[in-house]
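Understanding the architecture of this molecule
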Amino acid sequence: MNKSVLYILLLLITFVKGQEQFRSLSNENWFFLQAGKTEKYKAKIPGTIHTDLLENKLIEDPFLEDNETKLQWIEKEEWIYECNFNLTENELKNQSIQLQFEGLDTYASVYLNQALILEANNMFRCWYVDAKKYLHHGSNNLKIIFKSSSIKGKELASKLTYTLPENERVFVRKAQYHFGWDWGPRFVTAGVWKNVSLHFSNHAYIEKCYIQQKTINKTEASLNFVTKIISNENTDYLIKIGNIKKKINLKKGINSIEIPYNLKKPKLWWCNGLGEPYLYNFTIELFKEQTLLSSKKLSIGLRTVEWIQEKDLPEGKAGQKGRSFYLKLNGVPVFVKGANYIPPHSFLPEVTPEKYNHLIMQAKKANMNMLRVWGGGVYADDVFYNECDKNGILVWQDFMFACGMYPGDSDFLNNIKEEVKDNITRLQNHPSIVIWCGNNENDEGWHNWGWQKQFNYSKEIENKIWKDYQTLFDTIIPNALKETLGENKYFYWPSSPSKGWGRKESLTQGDAHYWGVWWGKEPFDIYKEKTGRFMSEYGFQGMPAVSNFRKFTKELSWDNKSIKTHQKHPTGFETIQEYMARDFKIPLHFEDYVYVSQLLQAYGMKIAIESHRRAMPYCMGTLYWQFNDCWPVTSWSSIDHNNQWKALHYQVKKSYAKQLISIDERNNNLNIYGINDELKKIEGNLKIELIDFYGNVIWQKEQSAHFDANSSRILDSIKLEAIHTLDRNNSFIRISFKNKLLDLSCIHYLARTKDLNLAEPKVNITYLNNNKIQLSSNMLVKNLYLESEGVFFEENFFDLLPHETKIISASNKIETLKWKCLNELETK
């Protein structure tokens, strides 16, 4: 294809809004080279240096084997990106031409036709440059020199007379996980990681618009459209929103225009499980006489958000117990069910809109209503928030600070202020965002992790570091929120957790991160005791599917160094082994070990989640760590990097169901709970059975029962000692609750899994059609796992009860079916 034809095609990519035009430069012929060398290679924009090196076969795949350790040289180099693009005389006639970078990673010197036009220093900011005076007709050259973020961070760190925890990464405004985490590799990226474009305008254009929700009730919603317009002249214009038209007079420069807008009988936006996440679509248009100059499209949801923190009522001599912490959406208390979300790739431009959509759908499918965007990653892509809006997934939004203490010099703080404003402006119209949080575990780390002793701080230095913390999280960020959001109601929470997990108050107020399980090696049952008001982090590792291992290594063996490279916690495998020995028999073979590690993870998180849900309204939120992965790894995730559900995600789907039967066994008693998220009472028939592993009913009880609306209550209590025929190692309890619309069941075992007397079963499999099978067995089949290449099963890792049929649907045709269960594993 010749250059003139290609240029015409690129112009067709330009989208036009009246006389405002955008022309993407991401599709130009970009190339890159290493500083100090001359050979150039093709580059992809958006992209990263690692993916460009891989695409040009200059490095091996960073995710394969132990290549991560071999590629650390990349972060130490400077990299140059460059392209040439043509401009027509007509394009140059525009009154204003702006060069817009949506994301530069991170320290970037930008040259346009050899003139230095920008020094960028923040991955999270947008950078806009008035470029007309640097441009000319014909060919133009754009060059970007990326300096090493790790070297720059170390240079900035060396200027202090003391050391801040986490070394160079806290000085660099880029994704903190790029420097490595206990679930992620160290790939300190560089490059043009978001789109680059030219923005042409004449007269005036709409830069941004946000909607203030003034009042809302059943009959009317009162809104205020606040529109920022950049004008090149002092003159009159017309602005239009729906059927409303208003003449406005703009001054040259920045203008802020407010237009009231009322909606009759408004439909509310609800989270998943409580109602429809209804969205209103608006178009804001700017005219000069009859000519459309600029327009913006907005989708908004109308809702009220309150975070309730009320003192508990006095309880006799014990006094006040603590303070509530829960979300009210549209006046309704919401039990929050979800997970902590991390960036879905080490190289973010690799993530497609389809990938974001898929992730949000997996959250919805598992009955979640919230994801927490964790502070060590990035402010997520627009697609992520759009999908959350559409699917009713609430968002807890961290600002991008995690597990460290940050500098407090004026350059750093001014940079942060602009970063925060950029991202609040971009995200403010999303109804899904219900909380803004300053950081992840910085306060916790300062007060609980011993940094003062570790770095031998003087009292003066301690005071300086803490004062810098307060300036950033108690002043800079909340002031930026207030300045940007104006009259819109919002909730700011300075740090998560509000108190560390070693402190008593962590379980009586605010949000809590409980890591006594895993880090503290406490038993899973401690979750029943350590339940706070809002559990925003807790977790346990499980290995990814065997197919995930095969994507990055050839040898499935503990002797393989690559297996250990893809486990980032220093004692991760040892911790899994210790916990596994408590509850399961240890498998002999690697593939079986992977399977049991997932069962272990699911078992532990079931205890945690259901303890939290049983405790409502004392506890009103549970967000496990973590939802997803950024590369193939053994981690705390419930969905692995290959988008496969671990056993945990299947368990989460059950434990997060709108109605749940949950059993709490203590002191030889079974308390049977009915948990209901819906806003109506549910009545039905409760049946309790003791069944042996061959299907014989040993004991049973039946009665009427009900679930209260939006609450948890005990349906019945059973004293096990009263059941004289009880054999803990050879039987289980089944609880069922039924009415005309609902059929719930729950299985509870009376001994540890390793102590159950599981015999070899005879499993019958009948193919009902290409993607549906029917299963049955002569005895209990414990944790039946189905596997077929490229197939997702709607249920998996389940218990197949004796003499009962179970129908399982699959995503597509089942070619070759493999299965395994605990009954048949070879163990040590």
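Just above, that's the structure.
Residues numbered from 1 in each chain as written. Predicted model: local features only at pLDDT ≥ 70, side-chain atom pairs only at ≥ 80, totals over all residues. Heavy atoms only, no water.

**Structural notes on the overall build of the chain**
Formally: Note on conventions: DSSP H or I runs of at least 4 residues are helices, E runs of at least 2 residues are strands, and numbering of each starts at the N terminus. It is over C-alpha atoms that the radius of gyration is taken, and the globule rule equals 2.2 Å times the number of residues to the power 0.38. For every residue, the accessible area obtained with a 1.4 Å probe (protein chains only) is divided by the maximum for its type, and the residue is called buried under 20%, exposed over 50%, and partly exposed between those limits. Throughout, a residue-residue contact means that at least one pair of heavy atoms, one from each residue, lies within 4.5 Å. Under the counting rule used here, the positive set is Lys and Arg, the negative set is Asp and Glu, and His together with the chain ends is not counted. Charge positions are represented by NZ for Lys, CZ for Arg, CG for Asp and CD for Glu.
The number of helices and strands found in the chain is 16 helices and 46 strands. On C-alpha atoms alone, the chain measures out to a radius of gyration of 29 Å, which is about the 28 Å that the 2.2 N^0.38 rule sets for 828 residues. In terms of principal-axis extent, the alpha carbons of the chain reach across some 90 × 70 × 65 Å. Every one of the 828 residues in the chain was classed for burial, and the buried ones make up 58%. Across the chain, every contact between residues at least 6 apart in sequence was considered, and the portion connecting residues at least 24 apart equals 70%. In the chain, the 104 positive side-chain charges and the 97 negative ones have mean positions that sit 4 Å from each other.

**Digging into the packing of aromatic side chains**
Where we set the bar: Geometry of aromatic contacts follows a simple scheme: Phe, Tyr and Trp rings, the Trp one being its six-membered ring, pair when their centres are within 6.5 Å, and the pair is stacked under 30 degrees between planes, edge-to-face over 60, tilted otherwise.
For the coordinates displayed, the defined rule picks out 68 aromatic pairs. Where W518 meets W636, the ring centres are 5.4 Å apart and the plane angle is 70 degrees; that geometry is what we call edge-to-face. In this pair, W518 is assigned in the loop between β31 (512-513) and β32 (535-537) and W636 in the loop between β33 (621-624) and α16 (647-655), connecting sequence segments 118 residues apart. Classification of W518 as buried rests on a relative accessible area of 1%.

**Concerning helix α5 (residues 149-158)**
Residues spaced three or four apart along an α-helix face the same direction, because each turn holds 3.6 residues. Worth spelling out the cut-off: Throughout, the arc means that of the directions going from the helix axis to the C-beta atoms.
All buried positions along α5 are accounted for by S149, S150 and G153. Buried residues in α5, looked at end-on, bunch into an arc of 95 degrees, giving them a common side. Buried residues along α5 sit against β8 (107-112), β12 (179-181) and β13 (184-186).

**Describing the sheet that holds strand β25 (residues 332-334)**
As a reminder, the rule being used: One bridge is not enough; two strands pair if DSSP finds at least two bridges between them. Here an angle of 0 to 180 degrees is reported between the N-to-C directions of two axes, which are lines fitted to C-alpha atoms, with helices fitted over the stretch in contact.
Taken in spatial order, the three strands line up as β23-β24-β25 in an open sheet, and their pairing is antiparallel. A single partner strand is all that each edge strand has here, and the edge strands are β23 (305-308) and β25. Pairwise comparison of adjacent strand axes, ignoring direction, gives a mean angle of 35 degrees for this sheet. In the sheet, strand β24 (residues 326-329) pairs with β25 via three bridges, with the strands oriented antiparallel. Counterpart to K328 in the pairing with β25 is P333.

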